[in-house]
Amino acid sequence: MRLIWLVAIRQLMARRRQALAIIAGVVIGVTVLLVTISLFGGLLDSFTEKILDVAPHVTMTARKAAGAEGDVLVEGENNAPAAVQLDKNMEQEERTRVRNVMPVLRVIERALGERLTAASPFLSTQALAAYGTNDITLQVNGVFPRRAAKINDLAKYLKSGSIDHLEASRGGMLIGARAAADLGVDYGDRIRLVSLSGQVFNVQIVGVYRLGVEAADRSGIVNLRLAQALDRALPGDATGIDFQLDDVTEAPAVAKMIERLTGRKTETWQQTNAGIITVFTFLQILFYVVVGFVIVICGFGVANILITSVMEKQRDIAVMKSFGFSAGSLTSIYLIQGMVVALVGSAIGCGVGAVAIRLVGMIPSGGTGGVAPIETATLQMGWSPWYFAVAVAGTLVVSTIAAVAPARSAAGVIPVEILRGEQ
C-alpha cells in the first residue's frame, strides 16, 4: 500500500503546474462555500435571536381558527365555562376584532399559569402622520404600555422618554427611530394623526425607541384607548394578544392550547415571521447551489488532469502492469490522486475561509438601508465546525467521484508484454 501511495504522489508531482492550478480552484471553491454558509447562517441566527428578544413568542389573532364555527366557548380552570363570545351575528368587519379582550386574557393567563412570563393585548391600525410639511403612513399599535414593555423589554431600547410617560399620557406616542427620522420629529414634538375614517388626533412624542427590527422601527406605540379611537373600535376591542413564554420551545403547544380555549387563530413566532425566514433559507440554498457548481467544476478539473495523466503515461502504466500492478492497484493510484488534491485544497481552503469569515464579519453593515429586516452594526457571520466538515466532505466526495473514470481507464491499459506480442 505504501508503494501505491508513493507512485500516486510522484505521478501527481510530475504534473505540478496542473495540480497546483486545480488545488487553487478547490481552495477558492471551499473559501467561497464557507463564507456563504457563514454569512447566511449568521444572518438567519441573528434574525432569530433578535426576533426572540423583541417579538412575542405566540400571538393570538382575531381571526377564527380552522374549524371554529358559531359561538366560541372560552374555558376556565378545570374546564369550567368562563365566557361565551357571540360571533355569528356580527358584521364581517367586526369579526377581525377580539371583543372583551381582558376577560379573554385572564382566562388564558389562568390556564397557562407559570408558562407565561408576559401577555399584552394590542390593536393595530394605520394612520397618516404629519409634522410640518412631512407626512408618512404610520403603523400604530395600541397597547397597555407596562404590559407591552414586558414583551420586548422596551425600556432597554428607548433612546429618549420612558414607558411611564406613555402610561400617564392618553395622547402620547412612542415612535420608532426610523419613523421619527422620516417625519423629522424628536422627543416632545407634537404631530397629527389622521385616521382611516378621516378623524384628526393631535399626539405628543413621549419617547423614541430603536428595537433594531425594521418594521417595528417604522411604527408607533400609543395607549390602547387612543388606538381604539383611531380605529373607531369599541372599548375592550383588540386585534389580538401577544404572549411571552418562559420556555420558547413550548410555543407550538401553547398556540394550540390557546386556539382550543378561544377558537382564535394563534401563531408562533416562526409562523408570524415565516416569510422572512423562507427568504433567508431560499437565498442560502441558492448560494449553496451556485458554490456547489464551483466545486463540481473543480471536480471536472481533477478528472481532466488525471485523464491527461493516463493518456500521457499509458506506456508507464503498461510497464507497471507487467511488473505485477493489478487493475485494483492502478485504480487506487488515481483515486488517491483525486483524494489528495481534494484534501490539500480543502485544508488550505478551510484556513483561508476561516480568515475570510473573520474579515467579512468586520465589515460595517451600513445599517439596514431600508431593506434588511434587522439592524446590525456589522455583517453577522456564523461559526460552526460543521461548516468546515461539510466543505471538506463535499470536496472529497466530488473529487473522488471525478477520479473514478480516469482510474478505470488506467486499469484497462494493456500490459506491455501483450503489446509486444501484437507488434
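None of these values were measured; they are calculated from a predicted model.

Novice: Where do I start with the overall build of the chain in this structure?
Specialist: On a plain count of helices and strands, the chain comes out with 15 helices and twelve strands. Looking at the chain as a whole, 48% of its 423 residues are labelled buried. Taking all contacts inside the chain whose residues are at least 6 apart in sequence as the whole, residues at least 24 apart take part in 76%. Counting every atom, the chain has about 21,000 Å² of accessible surface; 60% of that belongs to carbon and sulfur.

Novice: Which parts of the structure should I look at to understand the nonpolar core?
Specialist: What tends to happen in soluble globular proteins is that the nonpolar side chains get buried as a cluster. Within the largest apolar cluster, 36 residues are counted, with the highest numbers of intra-cluster contacts made by Leu-34 and Phe-388. When contributions to this core are tallied by element, the ones reaching two or more residues are helix H2 (16-54), helix H11 (274-312), helix H13 (327-360) and helix H14 (385-411). It is H13 that provides the largest number of residues to this core, a total of eleven residues. Leaving out residues up to four positions away in the same chain, Leu-34 has contacts with Gly-349, Cys-350, Gly-353, Ile-357, Tyr-387, Phe-388 and Ala-391.

Novice: What's the story with the packing of helix H3 (residues 101-112) against helix H9 (residues 251-262) in this structure? I'm lost.
Specialist: When two helices pack together, their arrangement is given by the angle between their axes and by how far apart the axes lie. For the pair H3 and H9, interaxial distance at closest approach is 11 Å and the crossing angle is 130°. Considering their axes alone, H3 and H9 lie oblique with respect to each other. The chirality of how H3 crosses H9 is right-handed. Packed against H3, whose contacting residues are Val-104, Ile-108, Ala-111 and Leu-112, the element H9 presents Val-254, Met-257, Ile-258, Leu-261 and Thr-262 at the interface. Looking at side-chain class alone, the contact of H3 with H9 contains eight nonpolar, one polar and no charged residues.

Novice: I keep staring at the pairing of strand S10 (residues 219-223) and nothing clicks. Help me out?
Specialist: A regular strand places its side chains on the two faces of the sheet in alternate fashion. Counting buried positions along S10 gives five out of five residues, so the element sits mostly inside the fold. In the sheet, strand S7 (residues 172-176) pairs with S10 via three bridges, with the strands oriented antiparallel. From the neighbouring strand, Ile-175 faces S10, where its bridge partner is Gly-220.

Novice: Can you walk me through helix H4 (residues 145-152) in this structure?
Specialist: Residue pairs spaced three or four apart in an α-helix point in one direction, given the helix's 3.6 residues per turn. Inspection of H4 places Pro-145, Ala-148, Ala-149, Ile-151 and Asn-152 among the buried residues, and these make up the whole buried set. For H4, the arc enclosing every buried residue in end-on projection is 150°, short of the 170-degree limit, so these residues lie on one face. Contacts made by the buried residues of H4 are with H2, strand S4 (116-131), strand S5 (134-143), helix H5 (163-168), S10 and strand S11 (240-245). A positive phi of about 50° marks Asp-153, the residue just after H4.

Novice: Would you mind going over H9 with me for this structure?
Specialist: In a regular helix each residue adds 1.5 Å, so twelve residues correspond to 16 Å; H9 covers 16 Å between its end C-alpha atoms and thus fits that length. Every buried residue of H9 is accounted for by Ala-251, Val-254, Ala-255, Met-257, Ile-258, Leu-261 and Thr-262. Buried residues of H9, viewed axially, fall in a sector of 165°; they line one side. Downstream of H9 by one or two residues, Gly-263 has phi in the positive range, about 75°.

Novice: Quick question: what am I supposed to make of the pattern of salt bridges here?
Specialist: Close approach of charged atoms allows side chains of opposite charge to pair. For the structure on display, the rule yields twelve salt bridges. A salt bridge links Asp-231 to Arg-97, with the nearest nitrogen and oxygen atoms 3.3 Å apart. A residue pair is termed long-range when its members are at least 10 positions apart, and Asp-231 in the loop between helix H8 (224-230) and S11 and Arg-97 in the loop between strand S3 (81-85) and H3 qualify at 134 residues. Here Glu-167 and Arg-146 are joined by a salt bridge, their closest N and O atoms 3.8 Å apart. Taken together, the residues span a long stretch of sequence, with Glu-167 in helix H5 and Arg-146 in helix H4 at a distance of 21 residues. The exposure class assigned to Arg-146 is partly exposed, which follows from its relative accessible area of 47%. Each of the salt bridges in this network shares a partner with another, and the network as a whole consists of Arg-97, Arg-99, Asp-231 and Asp-237.

Novice: For this particular structure, what's the right way to read the side chain of Thr-268?
Specialist: Along the chain, Thr-268 turns up in strand S12 (residues 264-268). Residue Thr-268 is classed as buried on the basis of its relative accessible area of 6%. Discounting chain neighbours no more than four positions away, the residues touching Thr-268 are His-57, Val-58, Ala-251, Pro-252 and Ala-255.

Novice: For this particular structure, what's the right way to read a nonpolar patch on the surface?
Specialist: Where nonpolar side chains cluster on the molecular surface, the patch consists of Val-279, Phe-282, Leu-283, Leu-286, Phe-287 and Val-290 and spans about 520 Å² of accessible area. Secondary-structure assignment places Phe-287 in helix H11.

Novice: What's the story with the environment of Gly-184 in this structure? I'm lost.
Specialist: Tracing the sequence through the fold places Gly-184 in the loop between helix H6 (177-183) and strand S8 (190-195). Distance from Gly-184 to Asp-135, taken between C-alpha atoms, is 9.5 Å for residues 49 residues apart in sequence. Beyond its immediate stretch of four places on either side in the chain, Gly-184 contacts Tyr-131, Asn-134 and Asp-189.

Novice: Would you mind going over unusual backbone geometry with me for this structure?
Specialist: Excluding glycine, residues mostly carry a negative phi; peptide bonds, for their part, are mostly trans. Residues other than glycine seldom take positive phi values, yet Asn-100 does so here, at roughly 50°. Inspection of the secondary structure puts Asn-100 in the loop between S3 and H3. Its relative accessible area of 51% is what places Asn-100 among the exposed residues. Despite not being glycine, Asp-153 has its phi angle at roughly 50°, a positive value. As for its position among the elements, Asp-153 is in the loop between H4 and strand S6 (158-161).

Conventions we followed
- Residues numbered from 1 in each chain as written.
- Predicted model: local features only at pLDDT ≥ 70, side-chain atom pairs only at ≥ 80, totals over all residues.
- Heavy atoms only, no water.
- Helix = DSSP H or I, 4+ residues; strand = E, 2+ residues; numbered from the N terminus.
- Buried < 20%, exposed > 50% of the residue type's maximum accessible area, 1.4 Å probe, protein only.
- Contact = heavy atoms within 4.5 Å.
- Areas by Shrake-Rupley, 256 points an atom, 1.4 Å probe, with all protein chains shown as cover.
- Core = buried A, V, L, I, M, F, W, Y, C linked by side-chain atoms within 4.5 Å.
- Axes fitted to C-alpha atoms, helices over the stretch in contact; angles between N-to-C directions.
- Parallel < 35°, antiparallel > 145°, perpendicular 65-115°, else oblique.
- Left-handed = near helix turned anticlockwise from the far one by under 90°.
- Nonpolar A, V, L, I, M, F, W, Y, C, P; charged D, E, K, R; others polar.
- Pairing = 2+ DSSP bridges.
- Arc of directions from axis to C-beta.
- Expected span 1.5 Å × (residues − 1).
- Salt bridge = Lys/Arg side-chain N within 4 Å of Asp/Glu carboxyl O.
- Patch = residues over 30% accessible without salt bridge, like charges linked within 9 Å, V, L, I, M, F, W, Y side chains within 5 Å.

Purely spatial values, then, with no claim about function.
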